[in-house]
Amino acid sequence: MSWFSFHGGHSGEFCAHAKGTLDAVVRTAVERGFTHYGLSEHAPRFRDVDLYPGEEALGTEGLASAFRAYVAEALRLRELHAGSIELLIGFETEMLPPERWADAMDALRRAHPFDYVVGSVHDIDGRWVDYSAAATEGLKADLGGAEALHLAWFARMTTMVETLQPDVVGHIDLVRKFEPAGFRFGPRALAAAERLLEAVAATGGALDVNCAPARNGYGPPYPLPDLLAMARRMGVGVTLGDDSHGPETVGIGLELSLAAIAAAGYRTIRRLDRRNGWRDVPIETVSPR
Ligand SMILES: [Zn+2]
Ligand SMILES: [Zn+2]
């Protein structure tokens, strides 16, 4: 049996919108039956305009030093808790700053001994898609409607995947965060999503089946069932992500991710360990210990 998540482990120690210490996150992961746990702190931002709300006091310099401190603490905790859990150390990307995000993310990746990278996008043209319903509605209106937003989103995700070739592809339909229950993408958006999934298949990444929306009242796990079924038909691998932002959210809702994967027809889930790399493990062996 194994139980794992490869997107999450944000902590209040290194992330202004998370809670608790990283050590408390790891101890909770042990208590909640994880055998492997991925830490994927947000990449720092490099321009003041790209700071997340609440990071103004920290500034870009503060973010850069917090990120270095995150890696050092994660490495320390990996040794400290090695007898109880395998920690995988990574980070979550951004497509920021707009004109040099690829170089910025590559430089971060090379600067530290990361086990893996979660390729995520949270913005279009520097405007967040996941901050508030009003902000996303404003973006939708400025781009020319829902379909235009969705096409821009999936095209952007595709560029990110082709460029960074991430191990895990984060929340591929984050753009629908504020859509009402029962929301489904239209045919042109689904065609754009199919191109994204072709890129994921070609670069060998695994989709993050992320339970945060289910936990926070924003609908089913990312990706929606239609997208997950398409991914399964195309042979795209999947893994689990709790997107935890503090000890209290560690593993919460992850059984919904597992159920979504099973419902899409998958028989295996990808798991990373430091000795063997990525392996496909049978779905019936995936549960807390
Ligand atoms: Zn976060
Ligand atoms: Zn994210």
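Basis of the calculations
- Residues numbered from 1 in each chain as written.
- Chains lettered and ligands numbered in written order.
- Predicted model: local features only at pLDDT ≥ 70, side-chain atom pairs only at ≥ 80, totals over all residues.
- Heavy atoms only, no water.
- UniProt positions renumbered as here; feature names shortened; annotations may be inferred.
- Helix = DSSP H or I, 4+ residues; strand = E, 2+ residues; numbered from the N terminus.
- Buried < 20%, exposed > 50% of the residue type's maximum accessible area, 1.4 Å probe, protein only.
- Areas by Shrake-Rupley, 256 points an atom, 1.4 Å probe, with all protein chains shown as cover.
- Donors = N, O, S within 2.8 Å, 3.2 Å for Na, K, Ca; no water.
- Pairing = 2+ DSSP bridges.
- Right-handed = clockwise from strand over helix to strand, strands pointing away.

The chain appears in an unreviewed UniProt entry as Histidinol-phosphatase from Aureimonas endophytica. The UniProt entry for the chain carries the following comment under Catalytic activity (unreviewed entry): "L-histidinol phosphate + H2O = L-histidinol + phosphate".

Colleague: Teacher, can you tell me more about the overall build of the chain here?
Modeller: Helix and strand content of the chain: nine helices and eleven strands. The dimensions of the chain, computed from C-alpha atoms along their principal axes, are 55 × 45 × 35 Å. Taken over 289 residues, the chain has a buried fraction of 55%. Total accessible area on the chain is roughly 11,600 Å²; 51% of this is exposed by carbon and sulfur atoms.

Colleague: For this particular structure, what's the right way to read the coordination of the zinc ion (ligand 1)?
Modeller: Of the protein atoms, only His17 (NE2), His42 (NE2) and His245 (NE2) coordinate the zinc ion (ligand 1), at distances of 2.0 Å. All donors of the zinc ion (ligand 1) come from a single chain, and their spacing in sequence reads H-x24-H-x202-H. Between the zinc ion (ligand 1) and the zinc ion (ligand 2), a separation of 5.7 Å is found. Here His17, found in the loop between strand E1 (4-5) and helix H1 (22-31), pairs with His245, found in the loop between strand E9 (237-241) and helix H9 (254-263); they are 228 residues apart in sequence, far enough to count as distant. Looking at His17, the relative accessible area reads 38%, which means it is partly exposed.

Colleague: I'm lost on the UniProt feature "domain: PHP" (unreviewed entry) in the chain in this one. Help?
Modeller: Within this structure's numbering, the places UniProt gives as "domain: PHP" (unreviewed entry) are residues 10-210. Measuring from the first to the last C-alpha atom of residues 10-210 gives 14 Å, for a span that is 45% helix and 14% strand.

Colleague: What should I look at first to understand the pairing of strand E4 (residues 116-119) in this one?
Modeller: Across a regular strand the side chains alternate sides, sitting on one face of the sheet and then on the other. Side chains of E4 alternate between two faces, with Tyr116 and Val118 and Val117 and Gly119 buried alike. In this sheet, E4 lies alongside strand E3 (residues 86-92) in parallel orientation, the contact comprising three bridges. Across the sheet, residue Phe91 finds its bridge partner in E4, namely Val117. Handedness of the crossover joining E3 and E4 through helix H3 (residues 101-111): right-handed. The sheet contact formed by E4 and strand E7 (residues 168-169) spans two bridges and is parallel. Looking at the pairing, Val118 lines up with Val168 of E7.

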